[in-house]
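Residue-level listing of the chains:
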Amino acid sequence: TAWSIVSTPHPSGTSRSLLGVSATSSASGWAVGASTGLPGDGLATDGIAPLSTMALRWNGHTWSRASTPNAGSESNQLNAVSTVQTGSTWAVGSYANNAATSFGLVEHFAGGVWHRVTVPGLGSGTMLDGVSGSAADDVWIVGRTGGFSNPQALMAHWNGTSWHVYTGPGPA
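Residues numbered from 1 in each chain as written. Predicted model: local features only at pLDDT ≥ 70, side-chain atom pairs only at ≥ 80, totals over all residues. Heavy atoms only, no water.

## Focus: the overall build of the chain
Of the regular secondary structure elements, the chain holds zero helices and 12 strands. Each of the 172 residues in the chain was classed as buried or not, and the buried ones make up 39%. The contacts in the chain between residues at least 6 apart in sequence include a share of 40% that link residues at least 24 apart. (Helix = DSSP H or I, 4+ residues; strand = E, 2+ residues; numbered from the N terminus. Buried < 20%, exposed > 50% of the residue type's maximum accessible area, 1.4 Å probe, protein only. Contact = heavy atoms within 4.5 Å.)

## Concerning the nonpolar core
Core analysis: the biggest nonpolar cluster contains 15 residues, and Trp 90, Val 106, Ile 141 and Trp 163 have the highest contact counts within it. When contributions to this core are tallied by element, the ones reaching two or more residues are strand 5 (75-85), strand 6 (88-98), strand 9 (127-135), strand 10 (138-145) and strand 11 (152-158). If you tally residues by element for this core, the top one is strand 11, at three residues. When sequence neighbours within four positions are dropped, the list of residues in contact with Trp 163 reads Trp 90, Val 106, Val 117, Thr 118, Val 119, Pro 120, Val 139, Ile 141, Ala 156, His 157 and Trp 158. In terms of nonpolar packing, the next biggest core, distinct from the first, is built from 11 residues, Val 32, Ala 66, Ala 91 and Leu 105 among them. (Core = buried A, V, L, I, M, F, W, Y, C linked by side-chain atoms within 4.5 Å.)

## Focus on the pattern of salt bridges
By the definition in use, this model includes one salt bridge. We note a salt bridge from Asp 129 to Arg 144, for which the minimum N-O separation is 2.4 Å. Highlighted residues: Asp 129 in strand 9 and Arg 144 in strand 10, separated in sequence by 15 residues. Residue Asp 129 is classed as partly exposed on the basis of its relative accessible area, which comes to 36%. (Salt bridge = Lys/Arg side-chain N within 4 Å of Asp/Glu carboxyl O.)

## A closer look at the sheet that holds strand 7 (residues 101-110)
If you walk across this open sheet you meet the four strands as 5-6-7-8, and the pairing is antiparallel. Two strands bound the open sheet, and with one partner strand each, they are strand 5 and strand 8 (113-117). Across the sheet, the axes of successive neighbouring strands diverge by a mean angle of 25°, strand direction being ignored. Where strand 7 and strand 8 come together, five bridges link them in antiparallel fashion. Considered in strand 8, the bridge of Val 106 is made with Val 117. (Pairing = 2+ DSSP bridges. Axes fitted to C-alpha atoms, helices over the stretch in contact; angles between N-to-C directions.)

Function cannot be inferred from these measures alone, as they are strictly geometric.
See the structure below:
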């Protein structure tokens, strides 16, 4: 078999970037990232079109765009995605309401809809970069917290009932 190029939804006047992908079979997958210029996006306070979260679903033949929540008014981005079982997919990234402060963003696809998930203990200056799960009660997310002035490694685990957040030392 060989690689093939498959078109993705791209409304006129928009820009998009795909940053993560997860597939459970040749007929089921997700790609996530961010886009700008969608109808209703408006302009951020700095006059630049805001970033909106983006998720594309693969059905074995075509990609289609799925509606995803946006938490921030200026910047929303999904960096990674992991499907842990049929109908249960997790995505992580970050959002901001101004250019100075970011917050971790966790979203879960269940029941045919993407939902924003609150993870207690994720404060300002958090950016999430990876997600992996083996079951509905075993999902890990990773990233960093503390912003640029005091960066620390961050991991959080979902056990099916609650999140447990762990932080580590910053760079040496």
